Amino acid sequence: MKFFILFLTIFSSLYGVVSVAPVEIGKNPGVSGVLEASIENARGNTDKDEYKGGLKVQYDNNSSYVIWAEASVNYAEVEGIKNTNKSYGHLRYIHTFYEKQDVNYELFAQVQTNEFTKIKNRSLAGGGYRFYLVHESMGKLFAGIGGFYEYIQYTTNIDPHENNLRTNFYLSYTNQLGDDSTISYVGYYQPKFGDLNDYIITNILELQVHIYKKFFISLKVNYDYDSKPAVSVEKRDFTQTTSLIFKF
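Things to note about the overall build of the protein chain
Here comes step 1: What the protein chain contains, in helices and strands, is one helix and twelve strands.
Here comes step 2: Overall, the protein chain shows an N-to-C arrangement of helices and strands of α-β-β-β-β-β-β-β-β-β-β-β-β.
Here comes step 3: By the compact-globule yardstick of 18 Å for 248 residues, the protein chain fits well, its C-alpha radius of gyration being 18 Å.
Here comes step 4: Across the 248 residues of the protein chain, 42% fall into the buried class.
Here comes step 5: With an accessible surface of roughly 13600 Å², the protein chain has 59% of that area assigned to carbon and sulfur atoms.
Here comes step 6: With 24 positive and 27 negative side-chain charges, the protein chain shows a spacing of 2 Å between the two charge centroids.

In structure tokens:
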């Protein structure tokens, strides 16, 4: 119940599950979605509680555009001490520019929080173009280029906020491994406009394995690098997640 209340709160503020596989116009016509959840509780030698959840809903008109919104939250305590508290939201619109998949333009908005990287609020909005590079037996590869405006509000008094313009480059790949599994990757490089020493790199690799009907197991690895984070925050972040996914 707490998760669904939080989800509704996020969406009411345009807070938009982190998508890894590229969304293709016409692949899933109509309304579809993904529900993702992971819960870990331990008692005894180690007291630990960790909750992760996400929801993605999209609409594909099967001819010229697709729009989706997604949200995720992650909260954890070890020995009664909180060590994870973050949320993520994303809203994106992709429209045909040339052919259905070859070239698309896209618009997006995103909001996220992360208590342990001292980000009280990171909001951004922008757009760009996406190019369909490869469609062969080895998988599908997309490349994107664009830009966005970014506002960051920190929890520290040393650097309370930032207003940035960033360029956005990304590669997105997916490949079907047999009938029951898919591997996907997305990588972002986001340098600040006018200062190439200030940049963000994001890498996400995911393996999804079908287990029963509409249920899948997701094995996900994230590696993030922020060249200029908040004061006393590590530049590198690495996470590995196993979760249960339901597709509808």
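There's plenty left to go through after this.
Structural notes on the side chain of Ser227
Here comes step 1: Positionally, Ser227 belongs in the loop between β11 (215-226) and β12 (236-247).
Here comes step 2: A polar atom in the side chain of Ser227 sits 2.9 Å from the backbone oxygen of Asn197.
Here comes step 3: Separated by 2.8 Å, the side chain of Ser227 and the backbone nitrogen of Tyr199 make a polar contact.
Here comes step 4: In this view, Ser227 contacts Asn197, Asp198, Tyr199 and Lys235; residues no more than four positions away in its chain are not counted.

Examining a nonpolar patch on the surface
Here comes step 1: The grouping of Phe97, Tyr98, Tyr129, Phe131, Leu133, Ile145, Phe169, Leu171, Tyr189 and Leu196 at the surface amounts to a nonpolar patch, some 990 Å² of accessible area in total.
Here comes step 2: At the level of elements, β4 (81-98), β6 (119-136) and β8 (161-177) are the ones that each hand at least two residues to the nonpolar patch.
Here comes step 3: Counting residues per element, the nonpolar patch draws most heavily on β6, which supplies three residues.
Here comes step 4: With respect to the helices and strands, the residue Tyr129 is situated in strand β6.

Focus on the sheet that holds strand β9 (residues 181-192)
Here comes step 1: Overall, antiparallel pairing links the twelve strands, which are arranged β1-β2-β3-β4-β5-β6-β7-β8-β9-β10-β11-β12 in a closed barrel. Adjacent strand axes in the sheet meet at a mean angle of 20° when their direction is disregarded.
Here comes step 2: As defined by bridge partners, strand β5 (residues 103-114) adjoins β6 across eleven bridges and the pair is classed as antiparallel. Its bridge partner lying in β6, Tyr105 is registered against Tyr129.

Quick word on the packing of aromatic side chains
Here comes step 1: The final tally for this structure, using the stated rule, is eleven aromatic pairs.
Here comes step 2: Geometrically, the ring pair formed by Tyr199 and Tyr225 is stacked, given 5.8 Å between the ring centres and 25° between the ring planes. Highlighted residues: Tyr199 in strand β10 (residues 195-212) and Tyr225 in strand β11, separated in sequence by 26 residues.
Here comes step 3: On the basis of relative accessible area, Tyr225 is assigned to the buried category, the value being 15%.
Here comes step 4: When the centroid spacing of 6.3 Å and the interplanar angle of 25° are considered together, the rings of Phe246 and Phe248 count as stacked.
Here comes step 5: Overall, Phe246 belongs to the partly exposed group, its relative accessible area being 28%.
Here comes step 6: Each member of the aromatic cluster is reached from another via a ring pair, and the members are Phe169, Tyr189, Tyr199 and Tyr225.
Here comes step 7: Over the ring of Trp68 we find Lys56; its NZ or CZ atom is 5.0 Å from the centre of that ring.
Here comes step 8: Directly above the ring of Phe216 sits Lys247, whose terminal nitrogen or CZ lies 4.3 Å from the centroid.

A closer look at the pattern of salt bridges
Here comes step 1: Taken as a whole and judged by the stated rule, the model has 13 salt bridges.
Here comes step 2: The partner of Glu106 in a salt bridge is Arg92, with the nearest N and O atoms 2.9 Å apart. Of the two residues, Glu106 is situated in strand β5 and Arg92 in strand β4; the sequence distance between them amounts to 14 residues.
Here comes step 3: For Glu106, a relative accessible area of 3% corresponds to the buried category.
Here comes step 4: On the basis of relative accessible area, Arg92 is assigned to the buried category, the value being 6%.
Here comes step 5: Among the ionic pairs, Glu150 bridges to Arg166, the shortest N-O distance being 2.8 Å. Within this pair, whereas Glu150 is found in strand β7 (residues 139-154), its partner Arg166 is found in strand β8, the two being separated by 16 residues in sequence.
Here comes step 6: Overall, Arg166 belongs to the buried group, its relative accessible area being 4%.

About the criteria used
Residues numbered from 1 in each chain as written. Predicted model: local features only at pLDDT ≥ 70, side-chain atom pairs only at ≥ 80, totals over all residues. Heavy atoms only, no water. Helix = DSSP H or I, 4+ residues; strand = E, 2+ residues; numbered from the N terminus. Rg over C-alpha atoms; globule rule 2.2 N^0.38 Å. Buried < 20%, exposed > 50% of the residue type's maximum accessible area, 1.4 Å probe, protein only. Areas by Shrake-Rupley, 256 points an atom, 1.4 Å probe, with all protein chains shown as cover. Lys, Arg positive; Asp, Glu negative; His and termini not counted. Charge placed at Lys NZ, Arg CZ, Asp CG, Glu CD. Polar contact = N/O pair within 3.5 Å; in protein donor to acceptor, adjacent residues only side chain to side chain. Contact = heavy atoms within 4.5 Å. Patch = residues over 30% accessible without salt bridge, like charges linked within 9 Å, V, L, I, M, F, W, Y side chains within 5 Å. Salt bridge = Lys/Arg side-chain N within 4 Å of Asp/Glu carboxyl O. Pairing = 2+ DSSP bridges. Axes fitted to C-alpha atoms, helices over the stretch in contact; angles between N-to-C directions. Phe/Tyr/Trp six-rings, centres within 6.5 Å; stacked < 30°, edge-to-face > 60°. Lys NZ or Arg CZ within 6 Å of the ring centre and 35° of its normal.

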